[in-house]
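# Summary of the model geometry
Listed below are the residues making up each chain.
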Amino acid sequence: MSKKVGLIVPHDYKLLSIAAILEVFETANKLSKETEKPFEIMLFQLTEQINQERLFGYEINSIEASSELLELILIPAFTTDNMSEMIAKNKKFIPWLQKQHQSGAELASFCTGAFLFAASGLLNEKLATTHVDACSAFTKAFPMVKLKPEETLTADGSLYTSGGSTSTFHLLILLVQKYCGNEIAVQIAKIFSIDLNRYKQSYFSTFRPNHLHNDTLVAMLQQKIESQYHSIEKLEEITKDIPTSARNMTRRFKQVTGIPPIEYLQNIRVESSKKYLEQTQLSISEIIEKTGYNDPKAFRKVFYKMVGMKPIEYREKFRVQ
């Protein structure tokens, strides 16, 4: 018997996310040797959104008008960075998601779709992940969710989430494997060239310093770190002429940027080393020296912690030919 799958098409949805989800489930249906296809795919929108009968070749269902009880609901990624505005636009989906889950539906979100998922309260005290660059905002918005920024995907009971990039495909393949078996899941992985051994998304992250604030002392320290990171031996060297105590500076810096100065310095150094690995033929030793590390062991330890792979592995994966 076909599983009833509902894909919501909310305001500000990302087309690529919708396309990936539909493509994988449609492929699973095509690959199935069963008379009855494994998935019955239905699209759902708010009544206010619907202005045509069909979308992506599927009939559109209104969540307000439909009494359909589903077995799996999929929440795609969003195009906007303003997640609070996005949630406000799509708040009518929330009671519907809650009702469907109470009736036995499993729920899965992809990339930033986790924000709408978490707004439902269903992820409270549950494991979750989202796009690695959205994790800081997610944690602030939903502190009760057990966010795992480094994970490609999470599965907590009947609730699933995925990170960014190709993490969408990893979660889709997991769901296909659950409902269709390993053979079809492996075929799909081959068709879409998905590396099934990739478990982390941290090596896709990019450190983006926050300069949108009005704290002049924090801005002063940020500028010093970003311009002198390669020569700093101790942070005290560059903070001695900033007119405040070290303790107060650390407190203000963390309040504004989200991390303490020493971690900020490490992030700047690691981002610089990633660029050298991607764009130059410099040896690892030369890169270590250029980014301000004196201890190769310490550099490798910090790099692996932040990126999720060794420097040489990163170069092999991301080197610009």
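Looking at an unreviewed UniProt entry, one finds the chain named AraC family transcriptional regulator and attributed to Flavobacterium johnsoniae.

### With respect to the overall build of the chain
If you tally the helices and strands in the chain, you get 14 helices and ten strands. Its C-alpha atoms give the chain principal-axis dimensions of about 70 × 40 × 35 Å. With 321 residues in all, the chain has 47% of them scored as buried. For the chain, the proportion of contacts with a sequence separation of at least 24, taken over those separated by at least 6, is 65%. When the accessible area of the chain is evaluated, it comes to approximately 16700 Å², of which 51% is carbon and sulfur surface.

### A word on the domain arrangement of the chain
When its domains are assigned, the chain resolves into domain 1 (3–204) and domain 2 (216–318). Computed from C-alpha atoms alone, the centre-to-centre distance between domain 1 and domain 2 is 36 Å.

### Some words on the packing of helix H8 (residues 216–228) against helix H10 (residues 246–257)
Viewed as axis vectors pointing N to C, H8 and H10 meet at an angle of 85 degrees, and their least axial separation amounts to 9 Å. The angle between H8 and H10 places the two elements in the roughly perpendicular class. On H10, the residues touching Leu 217, Val 218, Leu 221, Gln 222 and Ile 225 of H8 are Met 249, Arg 252, Phe 253, Val 256 and Thr 257. Considered class by class, the residues forming the contact of H8 with H10 number seven nonpolar, two polar and one charged.

### Structural notes on unusual backbone geometry
The phi dihedral of Glu 125 is positive, around 65 degrees, even though this residue is not glycine. Counting through the fold element by element, Glu 125 comes out in the loop between helix H4 (113–119) and strand S7 (127–128).

### Focus on the packing of aromatic side chains
Throughout the structure, instances matching the rule amount to twelve aromatic pairs. Between Phe 115 and Phe 138, the ring centres sit 5.2 Å apart and the planes meet at 85 degrees, which makes this aromatic pair edge-to-face. Taken as a pair, Phe 115 in helix H4 and Phe 138 in helix H5 (residues 135–141) lie far apart in primary sequence, 23 residues in all. Accessibility classification places Phe 115 together with Phe 138 in one group, the buried group. Where Phe 138 meets Phe 142, the ring centres are 5.1 Å apart and the plane angle is 55 degrees; that geometry is what we call tilted. On the basis of relative accessibility, which here comes to 12%, the residue Phe 142 falls in the buried class. Following the ring pairs from residue to residue traces out a cluster consisting of Tyr 293, Phe 299, Phe 303 and Tyr 314. Against the face of Tyr 293 rests Arg 269, its NZ or CZ located 5.2 Å from the ring centre.

### Re helix H6 (residues 167–180)
Since the α-helix advances by 3.6 residues per turn, residues separated by three or four positions end up pointing in the same direction. Between its first and last C-alpha, H6 extends 19 Å over 14 residues, near the 20 Å set by a 1.5 Å rise per residue. Of the residues making up H6, those classed as buried are Ser 167, Thr 168, Phe 169, His 170, Leu 171, Leu 172, Ile 173, Leu 175 and Val 176.

### A look at the pattern of salt bridges
Per the counting criterion, the structure on display carries eight salt bridges. Here Lys 4 makes a salt bridge to Glu 68, at a shortest N to O gap of 2.6 Å. Of this pair, Lys 4 sits in strand S1 (residues 3–8) while Glu 68 is found in the loop between strand S4 (58–62) and strand S5 (72–75), placing the two residues 64 residues apart along the sequence. Residue class for Lys 4 comes out partly exposed when judged on its relative accessible area of 25%. Take Glu 68: its relative accessible area is 25%, and that puts it in the partly exposed class. Its salt-bridge partner being Glu 48, residue Lys 92 comes within 3.1 Å of it at the nearest N-O pair. Residue Lys 92 is located in the loop between helix H2 (83–89) and helix H3 (93–102), and its partner Glu 48 is located in the loop between strand S2 (39–45) and strand S3 (54–55); the two are separated by 44 residues in the primary sequence. For Lys 92, a relative accessible area of 44% corresponds to the partly exposed category. Relative accessible area serves as the criterion here: at 46%, Glu 48 is assigned to the partly exposed category.

### Some points on the sheet that holds strand S6 (residues 106–110)
The strand order S3-S4-S2-S1-S5-S6-S10-S9 describes an open sheet built from eight strands, whose pairing is mixed. Since the sheet does not close on itself, it has two edges, and those belong to S3 and strand S9 (153–156), each with one partner. The pairing of S5 with S6 spans four bridges and is parallel. Pairing of Leu 74 across the sheet is with Ala 108, part of S6. Taken strand by strand, H3 contacts S1, S2, S5, S6 and strand S10 (159–162), and its axis lies near 150 degrees from that of S5.

Criteria and thresholds
Residues numbered from 1 in each chain as written. Predicted model: local features only at pLDDT ≥ 70, side-chain atom pairs only at ≥ 80, totals over all residues. Heavy atoms only, no water. Helix = DSSP H or I, 4+ residues; strand = E, 2+ residues; numbered from the N terminus. Buried < 20%, exposed > 50% of the residue type's maximum accessible area, 1.4 Å probe, protein only. Contact = heavy atoms within 4.5 Å. Areas by Shrake-Rupley, 256 points an atom, 1.4 Å probe, with all protein chains shown as cover. Domains from an automatic or database assignment. Axes fitted to C-alpha atoms, helices over the stretch in contact; angles between N-to-C directions. Parallel < 35°, antiparallel > 145°, perpendicular 65-115°, else oblique. Nonpolar A, V, L, I, M, F, W, Y, C, P; charged D, E, K, R; others polar. Phe/Tyr/Trp six-rings, centres within 6.5 Å; stacked < 30°, edge-to-face > 60°. Lys NZ or Arg CZ within 6 Å of the ring centre and 35° of its normal. Expected span 1.5 Å × (residues − 1). Salt bridge = Lys/Arg side-chain N within 4 Å of Asp/Glu carboxyl O. Pairing = 2+ DSSP bridges.

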